[in-house]
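Single-letter residue listing:
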Amino acid sequence: MYKLLVKLFIKNNKNTKDPLVRAKYGSLAGNVGITVNIILFIFKIIAGIISGSIAIITDGINNLTDASSSIITLVGFKMSVKPADEDHPFGHQRIEYLTGVIVSFIILFIGIFLGIESVKKIIEPSMPTPDIFVYIILGVSIIGKLWLSIFNRKMSKAIDSATLKATSQDSLNDAISTTVVLVVSIICHIFSNVEALKYLDGITGIALAIMILVSGIKTLKETMDPLIGSMPTKEDIEKITKIVESYDGVLGIHDLVIHNYGPNKTFASIHVEVDAKVDVMISHDLMDVIERDVRENHGIDLTIHMDPVNIDDEETISVKVKVLEIVKRIDESLTIHDFRMVKGITHTNVLFDIAIPIKFKMTKSELKKYLEQEIKTINEKYLLVLQIDQMYDRV
């Protein structure tokens, strides 16, 4: 069914990097979600009224809010493809993240609402009286929600969408909660003469509310991370690193920073070391070639800062090896770059940058003081000129 719907409604569906194609995936998911949830809402409300079960009624209201979530998703994907304008020069793709946050808040609202209603049901308990019609509706609802969860999960993987992933999880939660409601309804029907079971409907509602709240908090975090600014994935780091290092003339790379303004709007900057003896125009042309390759073939807007390095001075090479040994004794994850030496009559400046991870055991002042002392042990005339950088990728 998934493949058929995608084939019918999304032309050029393999080109998921195209924002317009991506929007069509989101629109299809939204329309399918609206249709399925409204149908389930109508039948569950009827079943809830017939049986007198608060769990079934709140489960039906849950479907109505899911339909609202699908409308938000639909609008979000349509707005995300708006072109850049004067106020938003990087486009509007981050709107998709915002819709994911809204869906997460709706999930939390459902959990709170269901919890309150379930507490009321415990305070004023009554035994549900379901019949075969109610069981059929709940069974169909479970199947429908499982299918919708799988459908949205496949859609989210196709376009790498946190919003559709959250929607998929919400549908799975609904299938689980409806299954629990069905089981409770059957138990209440079979053991209708057991007085204590009149509290089971409300207790079940509270358990479902807790599950929904936990899920809502999890999906909220997943959709908020890209807005706040999350660590780039290992795959993105390795991809850019592999491309840049594949070019002849690149001696080393450092200070890779990746950030995005939407699922298909990625920017990156990197420092690339080149031989200082090579004509600057030749090295600059190489940087242009690399930037164009990454932009045109991988959809990443890369900016390169070129760092010429001297690879022939024996003293510089020897001191760099010793400094690197000192640095690695502090922490294996530390890296140095832009290493150079400026020799004078009374002293020699030893200049380099050091990159530290986010959770580093020393303060910057402690690190600098320690390195100054250690470099003096190499040669008393060496004077440290240090730049401390923050790592923005994974160690």
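Cut-offs used in this document
- Residues numbered from 1 in each chain as written.
- Predicted model: local features only at pLDDT ≥ 70, side-chain atom pairs only at ≥ 80, totals over all residues.
- Heavy atoms only, no water.
- Pairing = 2+ DSSP bridges.
- Helix = DSSP H or I, 4+ residues; strand = E, 2+ residues; numbered from the N terminus.
- Axes fitted to C-alpha atoms, helices over the stretch in contact; angles between N-to-C directions.
- Contact = heavy atoms within 4.5 Å.
- Buried < 20%, exposed > 50% of the residue type's maximum accessible area, 1.4 Å probe, protein only.
- Polar contact = N/O pair within 3.5 Å; in protein donor to acceptor, adjacent residues only side chain to side chain.
- 1 Å grid on protein atoms, 1.4 Å probe; cavity = no way out; pocket = protein on both sides within 12 Å on 5 of 7 lines; lining within 4 Å.
- Points joined across faces, edges and corners; volume = space filled by probe spheres on them.
- Nonpolar A, V, L, I, M, F, W, Y, C, P; charged D, E, K, R; others polar.
- Salt bridge = Lys/Arg side-chain N within 4 Å of Asp/Glu carboxyl O.
- Patch = residues over 30% accessible without salt bridge, like charges linked within 9 Å, V, L, I, M, F, W, Y side chains within 5 Å.
- Areas by Shrake-Rupley, 256 points an atom, 1.4 Å probe, with all protein chains shown as cover.

Asker: What exactly am I supposed to notice about the sheet that holds strand S2 (residues 266–275) here?
Answerer: Consider a sheet: its strands pair through backbone hydrogen bonds, and that pairing is either parallel or antiparallel. With mixed pairing, the three strands of this open sheet are ordered in space as S1-S2-S3. Lying at the two open borders of the sheet, with one neighbouring strand each, are strand S1 (252–260) and strand S3 (300–309). Each strand axis lies, on average, 15° off the axis of its neighbour in the sheet, ignoring direction. Lying over the sheet, helix H8 (residues 234–245) contacts S1, S2 and S3, oriented at roughly 135° with respect to S1. The strands that helix H9 (residues 280–298) touches are S2 and S3; relative to S3, the one it contacts most, it runs at about 160°.

Asker: Mind showing me how you'd approach the side chain of Ser149 here?
Answerer: Within the secondary structure, Ser149 sits in helix H5 (residues 132–159). For Ser149, a relative accessible area of 7% gives the class buried. Apart from the residues within four sequence positions on either side, Ser149 is in contact with Ser168, Ser171 and Leu172.

Asker: What's the story with the environment of Ser168 in this structure? I'm lost.
Answerer: With respect to the secondary-structure elements, Ser168 resides in helix H6 (residues 162–190). Of the residues examined, Ser168 reaches a relative accessible area of 0% and is grouped as buried. Distance in space between the C-alpha atoms of Ser168 and Asp18 is 23 Å, their sequence separation being 150 residues. Look past the residues within four positions of Ser168 in its chain and what remains in contact with it is Ser149, Asn152 and Arg153. Of note is the side chain of Ser168, whose polar atom sits 2.8 Å from the backbone oxygen of Ser149.

Asker: I keep staring at the pairing of strand S4 (residues 335–343) and nothing clicks. Help me out?
Answerer: The two faces of a sheet get side chains in turn, since along a regular strand they alternate between them. Relative to strand S5 (residues 348–356), S4 runs antiparallel, the two being bridged by seven bridges. Directly across from Met341, in S5, lies its bridge partner Val350.

Asker: When you look at the layout of surface pockets in this model, what are you seeing that I'm missing?
Answerer: Using a probe with the size of a water molecule, rolled over the atoms, empty space left in the structure can be pinpointed. Taken as a whole, the largest pocket holds about 1,400 Å³ of empty space. Around the largest pocket, the lining comprises 44 residues; the ones closest to its centre are Tyr97, Asp160, Thr233, Asp236 and Asn260. Mapped onto the lining of the largest pocket, the elements with two or more residues apiece are H5, H6, helix H7 (200–228), H8, S1, S2 and S3. Across the lining of the largest pocket, the residue classes tally to 17 nonpolar, 14 polar and 13 charged.

Asker: Even after reading the chapter, I still don't get the sheet that holds strand S6 (residues 382–390), so can you show me in this structure?
Answerer: Reading across from one edge, S4-S5-S6 is the order of the three strands in this open sheet, with mixed pairing throughout. The sheet terminates laterally at S4 and S6, the two strands that pair on one side only. Ignoring strand direction, the axes of neighbouring strands in this sheet form an average angle of 15°. As defined by bridge partners, S5 adjoins S6 across nine bridges and the pair is classed as parallel. If you follow Ile356 over to S6, its bridge partner there is Gln390. Helix-sheet contacts for helix H10 (residues 314–330) involve S4, S5 and S6, and the interaxial angle to S4 is about 140°. Packing of helix H11 (residues 364–378) onto the sheet brings it into contact with S5 and S6, and relative to S6 it is tilted by some 145°.

Asker: Sorry, what's going on with the environment of Thr316 here?
Answerer: Within the secondary structure layout, Thr316 lies in helix H10. Judged by its relative accessible area of 10%, Thr316 is buried. Residues Thr316 and Val350 lie 34 residues apart in sequence; the distance between their C-alpha atoms is 8.9 Å. For Thr316, the residues in contact, after removing those within four places along its chain, are Phe339, Arg340 and Met341.

Asker: Just to check I follow, could you spell out the pattern of salt bridges for this structure?
Answerer: Any two side chains of opposite charge can pair, given that their charged atoms come close. All chains considered together, the criterion is met by seven salt bridges. Notably, a salt bridge pairs Lys343 with Glu315, separated by 2.8 Å at the nearest N-O pair. Of this pair, Lys343 sits in strand S4 while Glu315 sits in helix H10, and the two are 28 residues apart along the sequence. A relative accessible area of 48% places Lys343 in the partly exposed class. Glu315 gets classed as partly exposed once you look at its relative accessible area, which sits at 31%.

Asker: What is the right way to read a nonpolar patch on the surface from this model?
Answerer: Taken together, the side chains of Ile38, Ile39, Ile42, Phe43, Ile46, Ile50, Ile132, Phe133, Ile136 and Val140 make up a nonpolar region of the molecular surface, amounting to roughly 880 Å² of accessible area. Broken down by secondary-structure element, the contributors of at least two residues to the nonpolar patch are helix H2 (19–51) and H5. When residues of the nonpolar patch are assigned to their parent elements, the largest contribution, six residues, is made by H2. Positionally, Ile50 belongs in helix H2. For Ile50, a relative accessible area of 40% corresponds to the partly exposed category.

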